[in-house]
Amino acid sequence: MMIWEQAGILLCTGVLLLLSAIICIGVVRRKKSKQKVSQMEMSRKIELLNELSEPFGFFYDEREDVFSSYRDAWQRKNGYTELFDKAAASANMIIDAWPVYFDYAGKTWLVEFWKGQYGINTGGEVGIYRTEEPVSPYFYPVAHFEAAEDDEMPIICCRLERKGKKVYEYCERHWWLTGFRMGTFSKPSDLRLLATLNFEEPQMAQALFEGLRRSGEPRSKYRICGREVCVQMDFSKKQAPLIGLHRFFVQLINRFYCRCYLILTKPFTNTAERMVFLYYLLPGCFRRMLRLASGHYQMR
(Lines give C-alpha, C1' and ligand atoms only; values in the text may rest on other atoms or scores of the structure.)
Protein backbone atom coordinates (compact mmCIF):
# COMPACT_ATOMS: atom_id res chain seq x y z
CA MET A 1 0.00 0.00 0.00
CA MET A 2 2.86 2.33 0.85
CA ILE A 3 4.37 1.75 -2.58
CA TRP A 4 1.17 2.87 -4.30
CA GLU A 5 0.92 5.90 -2.00
CA GLN A 6 4.51 6.87 -2.78
CA ALA A 7 3.88 6.40 -6.50
CA GLY A 8 0.79 8.62 -6.25
CA ILE A 9 2.73 11.31 -4.42
CA LEU A 10 5.51 11.20 -7.01
CA LEU A 11 3.00 11.41 -9.85
CA CYS A 12 1.21 14.40 -8.29
CA THR A 13 4.54 16.09 -7.64
CA GLY A 14 5.60 15.50 -11.23
CA VAL A 15 2.34 16.94 -12.58
CA LEU A 16 2.65 20.02 -10.35
CA LEU A 17 6.24 20.57 -11.44
CA LEU A 18 5.24 20.24 -15.10
CA LEU A 19 2.36 22.69 -14.69
CA SER A 20 4.65 25.11 -12.87
CA ALA A 21 7.20 24.89 -15.67
CA ILE A 22 4.52 25.49 -18.32
CA ILE A 23 3.19 28.52 -16.42
CA CYS A 24 6.70 29.95 -15.98
CA ILE A 25 7.49 29.46 -19.66
CA GLY A 26 4.17 31.08 -20.56
CA VAL A 27 4.81 34.08 -18.31
CA VAL A 28 8.30 34.59 -19.74
CA ARG A 29 7.06 34.17 -23.33
CA ARG A 30 4.23 36.62 -22.73
CA LYS A 31 6.60 39.19 -21.25
CA LYS A 32 9.04 38.89 -24.18
CA SER A 33 6.21 39.08 -26.72
CA LYS A 34 4.79 42.17 -25.03
CA GLN A 35 8.18 43.89 -25.04
CA LYS A 36 8.75 43.03 -28.70
CA VAL A 37 5.40 44.51 -29.76
CA SER A 38 5.76 47.59 -27.54
CA GLN A 39 9.14 48.44 -29.06
CA MET A 40 7.87 48.26 -32.66
CA GLU A 41 6.71 51.29 -34.62
CA MET A 42 3.00 51.20 -35.47
CA SER A 43 3.77 51.31 -39.19
CA ARG A 44 5.96 48.22 -38.80
CA LYS A 45 3.22 46.39 -36.85
CA ILE A 46 0.73 47.02 -39.65
CA GLU A 47 3.29 46.06 -42.29
CA LEU A 48 4.09 42.81 -40.47
CA LEU A 49 0.41 42.00 -39.96
CA ASN A 50 -0.24 42.44 -43.68
CA GLU A 51 2.73 40.25 -44.54
CA LEU A 52 1.32 37.53 -42.28
CA SER A 53 -2.25 37.96 -43.55
CA GLU A 54 -1.53 37.96 -47.28
CA PRO A 55 -1.23 34.13 -47.62
CA PHE A 56 -4.76 33.88 -46.22
CA GLY A 57 -6.09 36.27 -48.88
CA PHE A 58 -6.55 39.26 -46.57
CA PHE A 59 -5.06 42.59 -45.60
CA TYR A 60 -5.58 44.71 -42.51
CA ASP A 61 -7.05 48.17 -43.06
CA GLU A 62 -6.15 50.38 -40.11
CA ARG A 63 -8.60 53.10 -41.21
CA GLU A 64 -11.61 50.82 -40.89
CA ASP A 65 -9.99 48.50 -38.31
CA VAL A 66 -11.06 45.42 -40.26
CA PHE A 67 -9.56 42.66 -42.37
CA SER A 68 -10.67 42.72 -46.00
CA SER A 69 -10.04 40.50 -49.03
CA TYR A 70 -7.62 41.11 -51.88
CA ARG A 71 -9.14 41.19 -55.35
CA ASP A 72 -6.73 38.43 -56.41
CA ALA A 73 -7.01 36.43 -53.19
CA TRP A 74 -6.49 32.68 -53.57
CA GLN A 75 -10.20 32.12 -52.79
CA ARG A 76 -11.01 33.52 -56.23
CA LYS A 77 -9.88 30.30 -57.91
CA ASN A 78 -12.33 28.20 -55.90
CA GLY A 79 -15.63 29.78 -56.89
CA TYR A 80 -18.76 29.04 -54.89
CA THR A 81 -21.40 26.39 -54.29
CA GLU A 82 -24.43 26.42 -51.98
CA LEU A 83 -22.88 23.65 -49.88
CA PHE A 84 -20.55 26.21 -48.29
CA ASP A 85 -23.47 28.09 -46.74
CA LYS A 86 -25.06 24.88 -45.51
CA ALA A 87 -21.84 23.84 -43.77
CA ALA A 88 -21.09 27.28 -42.31
CA ALA A 89 -22.27 26.54 -38.76
CA SER A 90 -19.95 23.53 -38.57
CA ALA A 91 -17.05 25.98 -39.04
CA ASN A 92 -18.29 28.31 -36.26
CA MET A 93 -19.88 30.73 -38.72
CA ILE A 94 -23.39 31.85 -37.82
CA ILE A 95 -24.39 33.99 -40.76
CA ASP A 96 -27.38 35.21 -42.73
CA ALA A 97 -27.13 34.57 -46.47
CA TRP A 98 -29.15 36.10 -49.30
CA PRO A 99 -28.38 34.40 -52.62
CA VAL A 100 -29.80 36.02 -55.77
CA TYR A 101 -29.76 34.10 -59.07
CA PHE A 102 -30.42 35.50 -62.54
CA ASP A 103 -29.60 34.84 -66.18
CA TYR A 104 -27.74 37.36 -68.32
CA ALA A 105 -25.61 37.20 -71.48
CA GLY A 106 -25.92 33.44 -71.82
CA LYS A 107 -24.79 32.72 -68.25
CA THR A 108 -26.41 32.16 -64.87
CA TRP A 109 -25.19 34.66 -62.31
CA LEU A 110 -25.22 34.61 -58.53
CA VAL A 111 -24.90 37.70 -56.38
CA GLU A 112 -24.85 36.79 -52.71
CA PHE A 113 -24.91 38.87 -49.55
CA TRP A 114 -23.73 37.64 -46.13
CA LYS A 115 -23.58 39.08 -42.63
CA GLY A 116 -23.00 37.57 -39.22
CA GLN A 117 -20.45 36.07 -36.85
CA TYR A 118 -17.43 34.35 -38.39
CA GLY A 119 -15.80 32.68 -35.39
CA ILE A 120 -14.50 35.64 -33.40
CA ASN A 121 -15.11 38.07 -36.27
CA THR A 122 -18.15 40.20 -36.96
CA GLY A 123 -18.33 40.57 -40.72
CA GLY A 124 -20.13 41.02 -44.00
CA GLU A 125 -19.55 39.97 -47.61
CA VAL A 126 -20.82 40.65 -51.10
CA GLY A 127 -19.81 38.19 -53.82
CA ILE A 128 -20.55 37.86 -57.54
CA TYR A 129 -20.20 34.60 -59.48
CA ARG A 130 -21.35 33.02 -62.73
CA THR A 131 -21.45 29.81 -64.74
CA GLU A 132 -20.25 29.38 -68.31
CA GLU A 133 -23.76 28.55 -69.55
CA PRO A 134 -27.32 28.85 -68.20
CA VAL A 135 -28.29 26.59 -65.30
CA SER A 136 -31.80 25.43 -64.47
CA PRO A 137 -33.11 26.66 -61.09
CA TYR A 138 -33.51 22.99 -60.17
CA PHE A 139 -29.71 22.65 -60.15
CA TYR A 140 -28.90 25.86 -58.25
CA PRO A 141 -28.23 23.95 -54.97
CA VAL A 142 -25.55 21.77 -56.60
CA ALA A 143 -24.19 24.07 -59.32
CA HIS A 144 -20.63 25.35 -59.08
CA PHE A 145 -20.16 29.04 -59.82
CA GLU A 146 -16.87 30.69 -60.81
CA ALA A 147 -15.83 34.11 -59.52
CA ALA A 148 -16.51 37.00 -61.90
CA GLU A 149 -13.67 37.96 -64.26
CA ASP A 150 -12.07 41.41 -64.12
CA ASP A 151 -14.20 42.79 -66.96
CA GLU A 152 -17.37 41.38 -65.35
CA MET A 153 -16.94 42.90 -61.90
CA PRO A 154 -19.32 45.69 -60.87
CA ILE A 155 -18.37 48.54 -58.58
CA ILE A 156 -19.58 47.40 -55.17
CA CYS A 157 -20.24 49.86 -52.38
CA CYS A 158 -20.84 48.14 -49.08
CA ARG A 159 -21.48 49.32 -45.53
CA LEU A 160 -21.92 47.05 -42.51
CA GLU A 161 -23.57 48.42 -39.38
CA ARG A 162 -23.79 46.86 -35.93
CA LYS A 163 -26.65 48.17 -33.81
CA GLY A 164 -26.72 51.31 -35.93
CA LYS A 165 -22.95 51.99 -35.76
CA LYS A 166 -20.60 51.57 -38.70
CA VAL A 167 -18.32 48.52 -38.73
CA TYR A 168 -16.79 49.28 -42.13
CA GLU A 169 -17.55 50.94 -45.45
CA TYR A 170 -15.92 50.19 -48.82
CA CYS A 171 -16.50 51.07 -52.45
CA GLU A 172 -14.44 49.13 -55.01
CA ARG A 173 -14.63 47.22 -58.27
CA HIS A 174 -14.53 43.71 -56.86
CA TRP A 175 -15.86 40.16 -57.09
CA TRP A 176 -15.82 39.56 -53.29
CA LEU A 177 -15.92 42.66 -51.12
CA THR A 178 -15.56 41.82 -47.44
CA GLY A 179 -14.89 43.23 -43.98
CA PHE A 180 -14.20 41.36 -40.72
CA ARG A 181 -13.84 43.07 -37.32
CA MET A 182 -11.67 40.89 -35.10
CA GLY A 183 -12.76 40.24 -31.51
CA THR A 184 -16.26 41.71 -31.90
CA PHE A 185 -19.23 39.49 -31.14
CA SER A 186 -22.60 40.00 -32.83
CA LYS A 187 -25.85 38.24 -33.44
CA PRO A 188 -26.68 38.28 -37.17
CA SER A 189 -29.85 40.17 -36.25
CA ASP A 190 -27.67 42.97 -34.77
CA LEU A 191 -26.25 43.70 -38.23
CA ARG A 192 -27.40 45.62 -41.27
CA LEU A 193 -25.64 45.26 -44.62
CA LEU A 194 -26.17 48.04 -47.15
CA ALA A 195 -24.85 47.36 -50.64
CA THR A 196 -24.95 49.07 -54.02
CA LEU A 197 -23.81 47.34 -57.21
CA ASN A 198 -23.04 49.54 -60.21
CA PHE A 199 -22.90 47.59 -63.48
CA GLU A 200 -21.50 48.56 -66.87
CA GLU A 201 -24.81 47.70 -68.56
CA PRO A 202 -28.26 48.71 -67.30
CA GLN A 203 -29.60 45.41 -68.68
CA MET A 204 -27.50 43.48 -66.16
CA ALA A 205 -28.74 45.68 -63.33
CA GLN A 206 -32.31 44.95 -64.48
CA ALA A 207 -31.57 41.21 -64.55
CA LEU A 208 -30.28 41.36 -60.96
CA PHE A 209 -33.35 43.34 -59.94
CA GLU A 210 -35.59 40.61 -61.38
CA GLY A 211 -33.56 38.03 -59.49
CA LEU A 212 -34.13 39.97 -56.28
CA ARG A 213 -37.86 39.94 -56.95
CA ARG A 214 -37.79 36.16 -57.39
CA SER A 215 -35.79 35.69 -54.17
CA GLY A 216 -38.96 36.29 -52.15
CA GLU A 217 -37.56 38.97 -49.85
CA PRO A 218 -39.62 42.13 -49.18
CA ARG A 219 -39.75 44.62 -52.06
CA SER A 220 -38.77 47.38 -49.64
CA LYS A 221 -35.29 45.83 -49.26
CA TYR A 222 -34.03 46.63 -52.78
CA ARG A 223 -34.41 49.15 -55.58
CA ILE A 224 -32.98 49.94 -58.99
CA CYS A 225 -31.87 53.19 -60.57
CA GLY A 226 -30.40 52.88 -64.05
CA ARG A 227 -27.19 50.82 -63.75
CA GLU A 228 -27.31 50.71 -59.94
CA VAL A 229 -29.05 48.19 -57.71
CA CYS A 230 -29.28 48.96 -53.98
CA VAL A 231 -29.87 46.31 -51.33
CA GLN A 232 -30.62 46.55 -47.63
CA MET A 233 -30.11 43.32 -45.69
CA ASP A 234 -31.34 44.02 -42.18
CA PHE A 235 -33.28 40.83 -41.53
CA SER A 236 -32.54 37.31 -40.28
CA LYS A 237 -34.47 34.31 -41.50
CA LYS A 238 -36.23 32.15 -38.94
CA GLN A 239 -34.50 28.80 -38.47
CA ALA A 240 -35.94 25.34 -37.82
CA PRO A 241 -35.82 24.42 -34.08
CA LEU A 242 -32.87 22.01 -34.28
CA ILE A 243 -30.87 24.30 -36.55
CA GLY A 244 -31.65 27.25 -34.30
CA LEU A 245 -30.48 25.29 -31.26
CA HIS A 246 -27.24 24.36 -33.02
CA ARG A 247 -26.62 27.97 -33.98
CA PHE A 248 -27.29 29.06 -30.39
CA PHE A 249 -24.62 26.74 -28.98
CA VAL A 250 -22.12 27.73 -31.68
CA GLN A 251 -22.69 31.38 -30.75
CA LEU A 252 -21.96 30.58 -27.11
CA ILE A 253 -18.59 29.21 -28.23
CA ASN A 254 -17.96 32.23 -30.45
CA ARG A 255 -18.72 34.63 -27.61
CA PHE A 256 -16.36 32.70 -25.31
CA TYR A 257 -13.57 32.82 -27.91
CA CYS A 258 -14.07 36.57 -28.37
CA ARG A 259 -13.66 37.16 -24.65
CA CYS A 260 -10.59 34.91 -24.52
CA TYR A 261 -9.01 36.87 -27.37
CA LEU A 262 -9.65 40.22 -25.66
CA ILE A 263 -8.35 38.99 -22.30
CA LEU A 264 -5.33 37.22 -23.76
CA THR A 265 -4.19 40.24 -25.78
CA LYS A 266 -4.43 42.77 -22.95
CA PRO A 267 -3.14 45.44 -22.37
CA PHE A 268 -3.19 46.15 -26.13
CA THR A 269 -6.38 47.70 -27.52
CA ASN A 270 -5.47 48.21 -31.19
CA THR A 271 -6.22 45.28 -33.52
CA ALA A 272 -2.81 45.46 -35.21
CA GLU A 273 -1.04 45.33 -31.83
CA ARG A 274 -3.31 42.59 -30.51
CA MET A 275 -2.76 40.39 -33.56
CA VAL A 276 1.02 40.88 -33.77
CA PHE A 277 1.26 40.15 -30.03
CA LEU A 278 -0.80 36.99 -30.55
CA TYR A 279 1.46 35.98 -33.44
CA TYR A 280 4.54 36.11 -31.19
CA LEU A 281 2.76 34.52 -28.22
CA LEU A 282 0.66 31.81 -29.91
CA PRO A 283 1.39 31.61 -33.66
CA GLY A 284 -0.90 28.61 -34.15
CA CYS A 285 -3.83 30.50 -32.63
CA PHE A 286 -3.02 33.51 -34.85
CA ARG A 287 -3.23 31.37 -38.00
CA ARG A 288 -6.46 29.75 -36.85
CA MET A 289 -8.09 33.14 -36.38
CA LEU A 290 -7.20 34.29 -39.88
CA ARG A 291 -8.58 31.07 -41.32
CA LEU A 292 -11.88 31.86 -39.62
CA ALA A 293 -11.80 35.28 -41.22
CA SER A 294 -11.82 33.55 -44.57
CA GLY A 295 -15.45 32.66 -44.06
CA HIS A 296 -17.05 29.85 -46.08
CA TYR A 297 -14.02 29.62 -48.37
CA GLN A 298 -12.06 27.73 -45.75
CA MET A 299 -14.40 24.76 -46.09
CA ARG A 300 -13.14 23.89 -49.55
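Everything below is about the structure shown above.
I will try to describe carefully the structure that is included in this document.

Rules of the game
- Residues numbered from 1 in each chain as written.
- Predicted model: local features only at pLDDT ≥ 70, side-chain atom pairs only at ≥ 80, totals over all residues.
- Heavy atoms only, no water.
- Axes fitted to C-alpha atoms, helices over the stretch in contact; angles between N-to-C directions.
- Helix = DSSP H or I, 4+ residues; strand = E, 2+ residues; numbered from the N terminus.
- Parallel < 35°, antiparallel > 145°, perpendicular 65-115°, else oblique.
- Left-handed = near helix turned anticlockwise from the far one by under 90°.
- Contact = heavy atoms within 4.5 Å.
- Nonpolar A, V, L, I, M, F, W, Y, C, P; charged D, E, K, R; others polar.
- Buried < 20%, exposed > 50% of the residue type's maximum accessible area, 1.4 Å probe, protein only.
- Polar contact = N/O pair within 3.5 Å; in protein donor to acceptor, adjacent residues only side chain to side chain.
- Phe/Tyr/Trp six-rings, centres within 6.5 Å; stacked < 30°, edge-to-face > 60°.
- Pairing = 2+ DSSP bridges.
- Disulfide = S-S within 2.5 Å.

Observations regarding the packing of helix α2 (residues 42-53) against helix α6 (residues 271-281)
Reasoning step 1: The interhelical angle for the contact between α2 and α6, taken along N-to-C directions, is 60°, at an axis separation of 9 Å. On the basis of their axis angle, the class for α2 and α6 is oblique. Crossing hand, α2 versus α6: left-handed. Within the contact between the two elements, α2 uses M42, K45, I46, L48, L49 and L52 and α6 uses A272, E273, M275, V276, Y279 and Y280.
Reasoning step 2: Partitioning the contact of α2 with α6 into residue classes produces ten nonpolar, no polar and two charged.

Structural notes on the side chain of T271
Reasoning step 1: Along the chain, T271 falls in helix α6.
Reasoning step 2: T271 gets classed as buried once you look at its relative accessible area, which sits at 6%.
Reasoning step 3: Among the polar contacts listed, one links the side chain of T271 to the side chain of D65, at a separation of 2.8 Å.
Reasoning step 4: With residues up to four places along the chain from it excluded, the contact list for T271 reads Y60, D65, F67, M182 and Y261.

Focus: the packing of aromatic side chains
Any pair of aromatic rings gets described here by the distance separating the centres and the angle formed by the planes.
Reasoning step 1: Enumeration according to the criterion identifies 24 aromatic pairs in this entry.
Reasoning step 2: Between the aromatic rings of F59 and Y70, the centroid separation amounts to 5.2 Å while the plane-to-plane angle is 55°, which identifies the pairing as tilted. Of this pair, F59 sits in strand β1 (residues 58-61) while Y70 sits in the loop between β2 (66-69) and α3 (83-86), placing them eleven residues apart in sequence.
Reasoning step 3: One aromatic cluster is present, formed by F58, Y80, F84, W114, Y118, Y129, W175, W176 and F180 through successive ring pairs.

Examining the pairing of strand β3 (residues 93-104)
Every other side chain in a regular strand lies on the same face of the sheet, so the side chains alternate between the two faces.
Reasoning step 1: In this sheet, strand β4 (residues 107-118) lies alongside β3 in antiparallel orientation, the contact comprising twelve bridges. By the bridge assignment, Y104 is partnered in β4 with K107.
Reasoning step 2: In this structure, the hairpin formed by β3 and β4 is closed by a connection of two residues, where A105 is found at a positive phi of approximately 55°.

Digging into the state of the cysteines
Reasoning step 1: Within this structure, the stated rule accounts for one disulfide.
Reasoning step 2: C157 shares a disulfide with C171; S-S distance 1.9 Å. Of this pair, C157 sits in strand β7 (residues 155-162) while C171 sits in strand β8 (residues 165-173), and the two are 14 residues apart along the sequence.
Reasoning step 3: Of all cysteine sulfurs in the structure, the one in C157 sits closest to C158, which takes part in no disulfide; the separation is 8.9 Å.
Reasoning step 4: With no disulfide of its own, C260 has C285 as its nearest cysteine by sulfur position, at a separation of 9.1 Å.

A few points about the side chain of Q75
Reasoning step 1: Structurally, the position occupied by Q75 is in the loop between β2 and α3.
Reasoning step 2: One polar contact links the side chain of Q75 to the main-chain carbonyl oxygen of F56, over a distance of 3.0 Å.

Quick word on unusual backbone geometry
Reasoning step 1: Cis geometry marks the peptide bond from K266 to P267; its omega dihedral reads 10°.
Reasoning step 2: By secondary structure assignment, the location of P267 is in the loop between α5 (241-264) and α6.
Reasoning step 3: Phi angles above zero are rare outside glycine, and D65 is one such case at about 60°.
Reasoning step 4: If you trace the backbone, D65 turns up in the loop between β1 and β2.
Reasoning step 5: By relative accessible area, which is 23% here, D65 ends up partly exposed.
Reasoning step 6: One non-glycine residue, K163, lies in the positive phi region at around 55°.
Reasoning step 7: Summarising the element assignment, K163 is placed in the loop between β7 and β8.
Reasoning step 8: For K163, a relative accessible area of 57% translates into the label exposed.

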